[in-house]
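# A structural walkthrough
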Amino acid sequence: MTPSAARMPVAVIGAGAIGRMHIERMLRHPDVSVAAIADPTPAARTLAESLGLAWFADHRELLEKSPARAAIVATPNHTHADVGIHCIERGLPVLMEKPVADTVENAERLCQAGERAGVPIMVGHQRRHNPIIQRARALVNEGVLGRPVSVNGMATWLKPDSYFELAWRREKGGGPVLINLIHDLDLLRFLVGEIDSVQAITSSAVRGYEVEDTAAVLLRFANGALGTLAVSDAAVTPWNWDLAAGEAAHYAQVSVDTHFLSGTEGSLTLPRLNVWRFDGQRGWHEPLTLQRNMLHRQDPYIEQLRHVRAVAEGREQPLCSGRDGLRTLRTALAVHEAAASGRGVAV
Ligand SMILES: NC(=O)c1ccc[n+]([C@@H]2O[C@H](COP(=O)([O-])OP(=O)(O)OC[C@H]3O[C@@H](n4cnc5c(N)ncnc54)[C@H](O)[C@@H]3O)[C@@H](O)[C@H]2O)c1
């Protein structure tokens, strides 16, 4: 491991659930260290003290006083744009947790601030850093699908009742479309290409909250492919990327596929990376060939932290830029708009 003096100090703003996941990895990361933590809660202060890290209640004080050379913004969505802009004003490259902001207007404000200052913005769609997705992208680019035709994805699972004790998770904006499905939309944009339009229906029939618990979505891609996505946090199923891909140890991993990409030459399943195609004659009476692709596992959050430093040092371009995150946000918001209007919505 590189000596700690060589590690880049990175500020963590917001030390809740995901902020703590970043901190835990930064403590043992060869490329970055925790410069300081900003979060007003007593729990965050206790955490910082227990780790011997500098703590600030206010992120602006952190930005003044800490030696941070980049920042991770892991605060609630409605604060993202303002906190991110404060970091940019200090010249700090930022990793914004997803969604990049709560509204298109705020995301636009943030992106423009970054562009004006020449400071890079990254968005925490960490699946892009997963070697499974990297390999899938390479396979698609090598042409295993041929021309993409259809895409099907599942993001269904059961969240515990205790999850909904926080009021915002029962209210508009707090549901599985903006919290979970946004990752699947980003994944499909990354693998298959831009999504031009969506149709959707949503339901809150199981939980009965203001926010949806289930949604069914139709997608039209710019390359002509069509897709379907189902999301629910109220169903007992294993068909969810977080359960199947093994990205975080707090989920018990299941051995199933959750995303199915099909084209004129073959098809590809995720996360198991099975490729189906014809080796000889083509046609429904002919036997298909299955190719399995094995990979070393790698923690995408660790890889994302390596990337943060590389971007901050100008060695890499953001894998998911602010603008890219904004397009994914637009797509997720279009799902809500389509469900509310009962019409197709152009993204
Ligand atoms: N990439 C992922 O898979 C993933 C997973 C979970 C959450 N997230 C995103 O991360 C963000 C945080 O989610 P969470 O589940 O950790 O929420 P959380 O409520 O557990 O934590 C947010 C923390 O931010 C603190 N905070 C609020 N305002 C602040 C401010 N101005 N300055 C400093 N700290 C502030 C709060 O005190 C809290 O501790 C959200 O945008 C969420 O969508 C991403």
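### Notes on the site of the ligand
Not every one of the 23 residues close to the ligand is listed here, only the nearest: D39, N77, E97, K98 and Q126. One of the side-chain nitrogen or oxygen atoms of D39 is found 2.6 Å away from an oxygen atom of the ligand. Measuring from an oxygen atom of the ligand, one finds a side-chain N or O atom of H80 at 2.9 Å. Look at the ligand: alone it shows 840 Å² of surface, and the protein chains cover 78% of it. Taken together, the residues of the shell around the ligand sort by class into 10 nonpolar, 10 polar and three charged.

### Some remarks on the packing of aromatic side chains
The description of two aromatic rings rests on the distance between their centres and on the angle between their planes. A full pass over the atoms with the stated rule returns three aromatic pairs. Note on W157 and Y251: the rings are 5.4 Å apart at their centroids and 50 degrees apart in plane angle, and the pair reads as tilted. Residue W157 is found in the loop between β7 (148-156) and α7 (176-192), and its partner Y251 is found in the loop between α8 (241-244) and β11 (259-263); the two are separated by 94 residues along the sequence. Exposure remark for Y251: the relative accessible area of 30% places this residue in the partly exposed category. An angle of 75 degrees between the planes, with centres 5.0 Å apart, marks the rings of Y163 and F164 as edge-to-face. Overall, the relative accessible area of 17% leaves Y163 in the buried class.

### A few points about the pattern of salt bridges
Enumeration according to the criterion identifies 29 salt bridges in this entry. A salt bridge links E49 to R45; its shortest N-O distance comes to 3.2 Å. Of the two residues, E49 and R45 are both situated in helix α2 (residues 42-51); the distance of four residues between them amounts to about one turn of the helix. Since its relative accessible area comes to 53%, E49 is described here as exposed. With a relative accessible area of 41%, R45 lands in the partly exposed category. In this structure, E142 engages R135 in a salt bridge whose closest nitrogen and oxygen atoms are separated by 3.9 Å. A relative accessible area of 57% places E142 in the exposed class. Within this structure, R128, D186, R189, E194, D324 and R327 form a network of salt bridges that share partners.

### Regarding the side chain of N274
For N274, the location among the structural elements is in strand β13 (residues 274-277). Judged by relative accessible area, which is 8%, N274 ranks as buried. At 3.2 Å, the side chain of N274 forms a polar contact with the side chain of R292. In this structure N274 touches D257, S267, L268, T269, L290, Q291 and R292, once residues within four positions along its chain are discounted.

### Observations regarding the sheet that holds strand β6 (residues 121-123)
Taken together, six strands build an open sheet; the order of strands is β3-β2-β1-β4-β5-β6 and the sheet is parallel. At either margin of the open sheet sits one strand with a lone partner, and together these are β3 (55-56) and β6. Where strand β4 (residues 70-73) lies against strand β5 (residues 94-96), three bridges are found, and the strand directions are parallel. Among the inter-strand pairings, V73 is bridged to a residue of β5, identified as M96. Here helix α1 (residues 17-26) sits on the sheet in contact with β1 (8-13), β2 (32-38), β4 and β5, set at roughly 145 degrees to β2.

Calculation notes
Residues take numbers from 1 onward in each chain, read along the sequence in its written order. Local features in a predicted model are, by the rule used here, given only for residues with pLDDT of at least 70; side-chain atom pairs are given and counted only at 80 or more, and totals for whole chains, interfaces and linings are based on all residues. Only hydrogens and water are removed before side-chain values are computed, so all heavy atoms of the structure are retained for them. By convention in these notes, a residue is near a molecule or strand provided one of its non-hydrogen atoms lies within 4 Å of it. Identification of polar contacts relies on pairs of N or O atoms within 3.5 Å, with a donor-acceptor requirement for protein atoms, meaning one able to donate a hydrogen and the other able to accept it, and with residues adjacent in sequence counted only if both atoms are side-chain atoms. A 1.4 Å probe and the Shrake-Rupley method give the accessible areas. Residues count as covered only by the protein chains that appear here. Classes in brief: Ala, Val, Leu, Ile, Met, Phe, Trp, Tyr, Cys and Pro nonpolar; Asp, Glu, Lys and Arg charged; the others, Gly included, polar. When two rings of Phe, Tyr or Trp (its six-membered ring) have centres within 6.5 Å they constitute a pair, described as stacked for plane angles under 30 degrees, edge-to-face for angles over 60, and tilted for the intermediate range. Here a helix means four or more residues in a row that DSSP labels H or I, a strand means two or more in a row labelled E, and each is numbered from the N terminus. Buried means the residue's accessible area, taken with a 1.4 Å probe over protein chains only, is under 20% of the maximum for its type, while exposed means over 50%, and partly exposed covers the values in between. The term salt bridge refers to a pairing of a side-chain nitrogen on Lys or Arg with a carboxyl oxygen on Asp or Glu at a separation within 4 Å. Should any heavy atoms of two residues lie within 4.5 Å, those residues are counted as being in contact. Only strands that DSSP links by at least two bridges are regarded as paired with each other. Axis lines are fitted through C-alpha atoms, for helices just across the contact stretch, and the angle between N-to-C directions can take any value from 0 to 180 degrees.

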